[in-house]
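Now for the letters of each chain:
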Amino acid sequence: MIVCVAVVGHQNNPLYIQSFTDADDALKLHHIVHCSLDVVDERVNNPKKSGPTLNETFLGLLYPTENYKVYGYLTNTKVKFILVTTDLDVKDADVRNFFRRFHAGYVDAISNPFHEPGKKITSKTFAEKVSTIVKSFGFSSTG
């Protein structure tokens, strides 16, 4: 089950964070997302030590915690997508598919002429699209 998704700008500023759990977990998930940025920077700046090449946008499993697994994705504009899940047996293909769909929704949201680049994403349409993608991911990973 996906518990949190985040969009982080190229200067590590949070553009969008949505948690799908209780309110008391929101701060903990925000902290997990923030900590994952160090792992993303490490993988981007030292591509030889980690698996993916520079033109690979899917960063894979960033790190597991006791209760969560954190995955990352980097766009061409250095915007980072972070996914936090409680599933311990998630397939990389499912996560790649999630990020592909999430990226498409993100592009639609920032293509809005009223959206200011680098500012938080406040679009209700984007939030609804993210919720739909998260719900569909939950069904596909259990079946």
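Quick caveat, the model's predicted, so the values are computed rather than measured.

Enquirer: Explain unusual backbone geometry to me, and be specific about the residues and the numbers.
Expert: One non-glycine residue, N12, adopts positive backbone phi at about 60°. The residue N12 is located in the loop between strand 1 (2-8) and strand 2 (14-19) in this model. A positive phi angle, near 65°, is found at K78, a position not held by glycine. By relative accessible area, which is 44% here, K78 ends up partly exposed.

Enquirer: Quick rundown of the sheet that holds strand 2? Include the residues and the values.
Expert: What the five strands build is an open sheet, ordered 2-1-5-4-3; its pairing is antiparallel. The sheet terminates laterally at strand 2 and strand 3 (58-64), the two strands that pair on one side only. Each neighbouring strand pair of the sheet contributes to a mean axis angle of 15°, computed without reference to strand direction. For strand 1 and strand 5 (residues 80-85), the ladder comprises six bridges, and the chain directions are antiparallel.

Enquirer: Run through the side chain of K69, naming residues and quoting values.
Expert: Note that K69 resides in strand 4 (residues 69-74). For the buried K69, no salt bridge is present, and the opposite-charge side chain at shortest range is D89, 7.4 Å distant. Non-local contacts of K69, meaning those with residues more than four positions away in its chain, are made with L61, Y63, P64, L83, V84, T85, D87 and L88.

Enquirer: Requested: an account of the packing of aromatic side chains, with residues and values cited.
Expert: Tallying each qualifying case throughout the model produces ten aromatic pairs. Here Y73 and F81 contribute two aromatic rings whose centre-to-centre distance is 5.5 Å and whose plane-to-plane angle is 5°, an arrangement assigned as stacked. On the accessibility criterion, Y73 (9% relative accessible area) is buried. Between Y73 and F99, the aromatic rings sit 5.3 Å apart at their centres with planes inclined by 20°, giving stacked as the arrangement. Note that Y73 is positioned in strand 4 and F99 in helix 2 (residues 92-110), a separation of 26 residues in sequence. The residues Y73 and F99 share a single accessibility class, namely buried.

What counts as what
Residues numbered from 1 in each chain as written. Predicted model: local features only at pLDDT ≥ 70, side-chain atom pairs only at ≥ 80, totals over all residues. Heavy atoms only, no water. Helix = DSSP H or I, 4+ residues; strand = E, 2+ residues; numbered from the N terminus. Buried < 20%, exposed > 50% of the residue type's maximum accessible area, 1.4 Å probe, protein only. Pairing = 2+ DSSP bridges. Axes fitted to C-alpha atoms, helices over the stretch in contact; angles between N-to-C directions. Lys, Arg positive; Asp, Glu negative; His and termini not counted. Salt bridge = Lys/Arg side-chain N within 4 Å of Asp/Glu carboxyl O. Contact = heavy atoms within 4.5 Å. Phe/Tyr/Trp six-rings, centres within 6.5 Å; stacked < 30°, edge-to-face > 60°.

Limitation: the analysis is restricted to geometry and does not speak to function.
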